[in-house]
Amino acid sequence: MNTVWLWWAGLAVGSFAILETWALLTKQEGDTLSERLREWLGIRPVKHWRLATSAALLGFLAWFGWHIVFG
């Protein structure tokens, strides 16, 4: 059985859990993933490109989900 994907999944989940836990414990403004995504997408603070970047992210997530499930 090929378990390489388990290592990648564990690395991704572990890294996210460590970084997000640290961000929540230190409680600094703008250090969680959701706060960063809002800033990068132009949602908060409001930027004129927020609709385009949000649509692009949602489109990518839909495509990526389809790609992973159906190959």
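Refer to the structure printed above.
What this report covers is the structure whose coordinates are included nearby. Throughout, residues of each chain are indexed from 1 in the direction in which the sequence is written. Where totals are concerned, whole chains, interfaces and linings use all residues; where local detail is concerned, this predicted model gives features only for residues with pLDDT of at least 70, and gives and counts side-chain atom pairs only at 80 or more. Working from all heavy atoms in the structure, the side-chain values ignore hydrogens and water.

### What about the overall build of the protein chain?
So, point 1. The helix count covers DSSP runs of H or I at least four residues long, the strand count covers runs of E at least two residues long, and both are numbered beginning at the N terminus. A tally of regular secondary structure across the protein chain gives three helices and zero strands.
So, point 2. Walking the protein chain from its N terminus toward its C terminus, one meets helices and strands in the order α-α-α.
So, point 3. Judged by the C-alpha coordinates and their principal axes, the protein chain covers about 50 × 35 × 10 Å.
So, point 4. By residue count, 10% of the 71 residues in the protein chain fall in the buried class.
So, point 5. Each accessible area is a Shrake-Rupley result for a 1.4 Å probe, and residues are judged covered by the shown protein chains and nothing else. In the form shown here, the protein chain has an accessible surface area of approximately 6300 Å², with 73% of it arising from carbon and sulfur atoms.
So, point 6. This count recognises Lys and Arg as positive and Asp and Glu as negative, with His and chain-terminal groups excluded. All charge positions are set by atom: Lys at NZ, Arg at CZ, Asp at CG, Glu at CD. Side chains of the protein chain carry 6 positive and 5 negative charges; the gap between the two charge centres is 7 Å. Relative accessible area decides the class of each residue, using a 1.4 Å probe on protein chains only: under 20% of the type maximum gives buried, over 50% gives exposed, and in between gives partly exposed.

### Observations regarding the environment of Ala56
So, point 1. Mapped onto the elements of the fold, Ala56 is located in helix H3 (residues 50-70).
So, point 2. Ala56 sits 15 residues away from Leu41 along the chain, and the two C-alpha atoms are 9.5 Å apart.

### With respect to unusual backbone geometry
So, point 1. Cis peptide bonds are those with omega within 30 degrees of zero, and the linkage from Arg44 to Pro45 qualifies with 0°.
So, point 2. Here Pro45 is to be found in the loop between helix H2 (33-41) and H3.
So, point 3. Despite not being glycine, Lys27 has its phi angle at roughly 50°, a positive value.
So, point 4. Inspection of the secondary structure assignment puts Lys27 in the loop between helix H1 (4-26) and H2.

### Some points on the packing of aromatic side chains
So, point 1. In this analysis, rings of Phe, Tyr and Trp, with Trp reduced to its six-membered ring, are considered paired at centre separations within 6.5 Å, and the interplanar angle assigns stacked below 30 degrees, edge-to-face beyond 60, and tilted for intermediate values. The full count for this structure, using the stated rule, is four aromatic pairs.
So, point 2. A centroid spacing of 5.6 Å and a plane angle of 15° characterise the contact between Phe60 and Phe64, whose relative ring orientation is stacked. You can see Phe60 and its partner Phe64 sitting in helix H3, four residues apart, about one turn around the helix.
So, point 3. Here Phe64 falls in the partly exposed class, since its relative accessible area comes to 38%.
So, point 4. On the numbers, 4.3 Å between centres and 45° between planes, the contact of Trp66 with Phe70 is tilted. Residue Trp66 and its partner Phe70 are located together in helix H3, separated by four residues, close to a single helical turn.
So, point 5. For Phe70, a relative accessible area of 56% gives the class exposed.

Keep in mind these numbers describe shape, not what the thing actually does.
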